[in-house]
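Letter by letter, the chains look like this.
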Amino acid sequence: MVDTMTKADIIDGKAFAQDLRARVAEVAADFEAMAGRKAGLAVVLVGEDPASQVYVRNKGKQTVACGMESFEHKLPADTNEADLLALVERLNADPAVDGILVQLPLPSHMNEQKVIATIDPDKDVDGFHVVNVGRLATGLPGFVPCTPLGCVMLLKDKLGSLSGLDAVVIGRSNIVGKPMAQLLIAESCTVTVAHSRTKDLPAVVRRADIVVAAVGRPEMVKGDWLKPGATVIDVGINRVPAAEEGKTKLVGDVDFASAAEVAGAITPVPGGVGPMTIAVLLRNTVVAAHRNAGIALEEGAL
Ligand code: GUN
């Protein structure tokens, strides 16, 4: 189908992520030459959640494709929390492991905060540990959650400086909304964080030069909510029934068809923010490897 209505520029996250992975691969090769070992990422999956299994498999494949070592630990859903904590401690102490990612969500009998708190903050490539959350909030170097960092990379690539722009983040999760707001503050945006209790959300969104939608509600943000020319970053990945009987499709938190007629630029779903998350994870891992090995990484290399 030819879409003649789309006015917005499409932000190609898939292509950006591919370039980023190529840069990571170069830096990882230089690291190996200097350190005499590959950078290493350990990924821990507890249970059999099908979506998590796909993510973990893709992470492993892309880690190896970038010339890094992948250590996969798959534990049964009924694993004791104490056994998971013991594994995390072993990974903390393992010099071959630069980055540790425990795939979320964890089974309900486990305390996610306790598990995250056990990860060495200097191996916490997800940026979920309170030490890294505090570092981000205070402007210290640390690890930043992969999805919001990927969003900022796309925004800066499209807009250049973000200084002085009005940004609205819809969603206040620890994984996306809150770190996204911190990153935009650091870029000198004027930031509003909206959520399910926000009054007159369309009016709030209409003020924004930058809209980041991360609520997990299919096609919630409509084109007539947007300021003409706004840049729209859609973090949503929602599986919904497709027109064809029995089929499903992926849609974002933004109603793409109407938004693309008003926005200046927009990320599609799929192919926008999604591919950035793993690419940034690999970036964080090679950065962690340099820090852990005491090897300087050229500013702006990644
Ligand atoms: N589950 C969904 N997204 C993420 C992520 O970025 N990191 C981890 N550890 N789990 C997730």
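Peer 1: Describe the side chain of T118, with residues and values.
Peer 2: Mapped onto the secondary structure, T118 falls in helix 4 (residues 112-118). Judged by relative accessible area, which is 18%, T118 ranks as buried. A distance of 2.8 Å separates the side chain of T118 from the backbone oxygen of K114, its partner in a polar contact. Contacts of T118, omitting those with residues within four sequence positions, involve L85, V88, E89 and N92.

Peer 1: Hey, could you go over the packing of helix 6 (residues 146-159) against helix 10 (residues 274-293) for me, with residue numbers and the actual values?
Peer 2: Interhelical geometry of helix 6 versus helix 10 gives an angle of 100° and a closest axis separation of 8 Å. As judged from the angle between their axes, helix 6 and helix 10 are roughly perpendicular. Counting all contacts with helix 6, which are made through C146, T147, L149, G150, M153 and L154, the residues of helix 10 involved are M276, T277, V280, L281, R283 and N284. Partitioned by chemical class, the residues of the contact of helix 6 with helix 10 number seven nonpolar, four polar and one charged.

Peer 1: Quick one: what's the story with the sheet that holds strand 8 (residues 231-234), residue by residue and with numbers?
Peer 2: By way of backbone hydrogen bonds, the strands of a sheet pair with one another, either parallel or antiparallel. If you walk across this open sheet you meet the six strands as 1-11-8-7-5-6, and the pairing is parallel. This sheet does not close on itself; its edge strands, each paired only once, are strand 1 (9-10) and strand 6 (190-194). As paired strands, strand 1 and strand 11 (residues 265-266) are joined by two bridges and run parallel to one another. Of the residues in strand 11, the one forming a bridge with I10 is I266. Relative to strand 8, helix 6 is tilted by about 155°, and along the sheet it contacts strand 1, strand 7 (210-213), strand 8 and strand 11.

Peer 1: Which residues make up unusual backbone geometry, and what values do they have?
Peer 2: Along the chain, L104 connects to P105 via a cis peptide bond; the corresponding omega equals 0°. With an omega of 0°, the peptide bond running from V269 to P270 counts as cis. Locating P270 in the fold gives a position in the loop between strand 11 and helix 10.

Peer 1: So what about the packing of aromatic side chains? Which residues, and what values?
Peer 2: Taken as a whole and judged by the stated rule, the model has zero aromatic pairs. Here R23 stacks its cationic end above the ring of F16, 5.9 Å away from the centre of that ring. Here the guanidinium or amino end of R291 rests over the ring plane of F143, the centre of that ring lying 4.8 Å away.

Cut-offs and rules
- Residues numbered from 1 in each chain as written.
- Predicted model: local features only at pLDDT ≥ 70, side-chain atom pairs only at ≥ 80, totals over all residues.
- Heavy atoms only, no water.
- Helix = DSSP H or I, 4+ residues; strand = E, 2+ residues; numbered from the N terminus.
- Buried < 20%, exposed > 50% of the residue type's maximum accessible area, 1.4 Å probe, protein only.
- Polar contact = N/O pair within 3.5 Å; in protein donor to acceptor, adjacent residues only side chain to side chain.
- Contact = heavy atoms within 4.5 Å.
- Axes fitted to C-alpha atoms, helices over the stretch in contact; angles between N-to-C directions.
- Parallel < 35°, antiparallel > 145°, perpendicular 65-115°, else oblique.
- Nonpolar A, V, L, I, M, F, W, Y, C, P; charged D, E, K, R; others polar.
- Pairing = 2+ DSSP bridges.
- Phe/Tyr/Trp six-rings, centres within 6.5 Å; stacked < 30°, edge-to-face > 60°.
- Lys NZ or Arg CZ within 6 Å of the ring centre and 35° of its normal.

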